[in-house]
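Residues per chain are reported as follows:
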Amino acid sequence: ALLLTACAAGQKSFQRGSVEGQTYTSDFLGLTCTAPETYSYLSDEEIAALNDIALDSMTDEALVAEMRQRLDMYLMTEDGRQWVSITVDKVTDGKTAIDMDAFLTEGIAQATAAYESIDGMEDVTSAAQTTSFLGSEYSSILTTAVYNGFPARSLQVCIPVEQYICVVTFTSYVEDHTDEMMGFFSAIQK
């Protein structure tokens, strides 16, 4: 489970989202994700097992530990060719502004290192860009590569929420399904 310390008075403290049927809801992030039956949400136990399998091929132990602590949601197809995850990072104490440039620079380095450490991954490139998501423009990181001869694409959309940054990651292997997966999401109307 993702545990973050309580924030200063008057500020939000992180609360994990929940899954019911094919819908993930996060009041904290103000969004829902309703996926078709061809996708499945992983339980906390499955997320831990998947992390152990997927992250064991990575060489950076600090990156492995960090990814295990902040994963809130994981959704994937049965064949594993498309998946969506949500991670949440506390990036400031709430008294200072979020430094999105620093976050993106570190994120690009981490994405590149993670992909390059996977056996069979070649031609890895990561770069910052702006992405439209849920009717707003957000900073994002696009990573592309070739995995065992097939294209791989990962788009990390970075959404600031008070002193946190929520990263919604859309990953596709073989064929790009990013736009389709982004369509699973909607904002919670308040």
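Up top is the structure these notes are about.
Scope of this entry: the structure provided in the associated data block.

Cut-off values and rules
Sequence order as written defines the numbering, with residues in each chain counted from 1. At least 70 in pLDDT is required for a residue's local features to be given in this predicted model, at least 80 for side-chain atom pairs to be given and counted, and no such filter applies to totals for whole chains, interfaces and linings, which use all residues. Side-chain figures throughout are based on the complete set of non-hydrogen atoms in the structure, without hydrogens or water. Burial classes: relative accessible area under 20% of the type maximum marks a residue as buried, over 50% as exposed, and values in between as partly exposed (1.4 Å probe, protein chains only). The secondary structure listing takes helices from DSSP runs of H or I that are at least 4 residues long and strands from runs of E that are at least 2 residues long, numbered from the N terminus. Only when DSSP finds a minimum of two bridges between them are two strands counted as paired. What we call a nonpolar core is a set of buried Ala, Val, Leu, Ile, Met, Phe, Trp, Tyr and Cys residues that are connected through their side-chain atoms within 4.5 Å. In this description, contact between two residues means that some pair of their heavy atoms is separated by no more than 4.5 Å.

**Notes on the pairing of strand E6 (residues 82–90)**
In terms of burial, E6 is largely enclosed, as eight of its nine residues are buried. The loop that links strand E5 (residues 71–77) with its antiparallel partner E6 comprises four residues; one of these, glycine 80, has a positive phi angle of about 75°. In this sheet, strand E10 (residues 164–173) lies alongside E6 in antiparallel orientation, the contact comprising nine bridges. Residue lysine 90 lies in a different strand from E10, and its bridge partner there is tyrosine 164.

**A look at the nonpolar core**
Soluble globular proteins tend to pack their nonpolar side chains together in the buried interior. Counting residues in each nonpolar core, the largest one holds 29 residues, and the members touching the most others are Ile86 and Phe185. Elements represented by at least two residues in this core include exactly strand E3 (31–34), strand E4 (39–41), E5, E6, strand E8 (136–147), strand E9 (150–161), E10 and helix H4 (178–182). Sequence-distant contacts of phenylalanine 185, defined by excluding residues within four places in its chain, comprise Leu31, Thr32, Cys33, Met73, Val84, Ile86, Phe133, Leu134, Val168 and Phe170. Of all hydrophobic cores here, the second largest spans twelve residues; its members include Leu42, Leu71, Met121 and Ala152.

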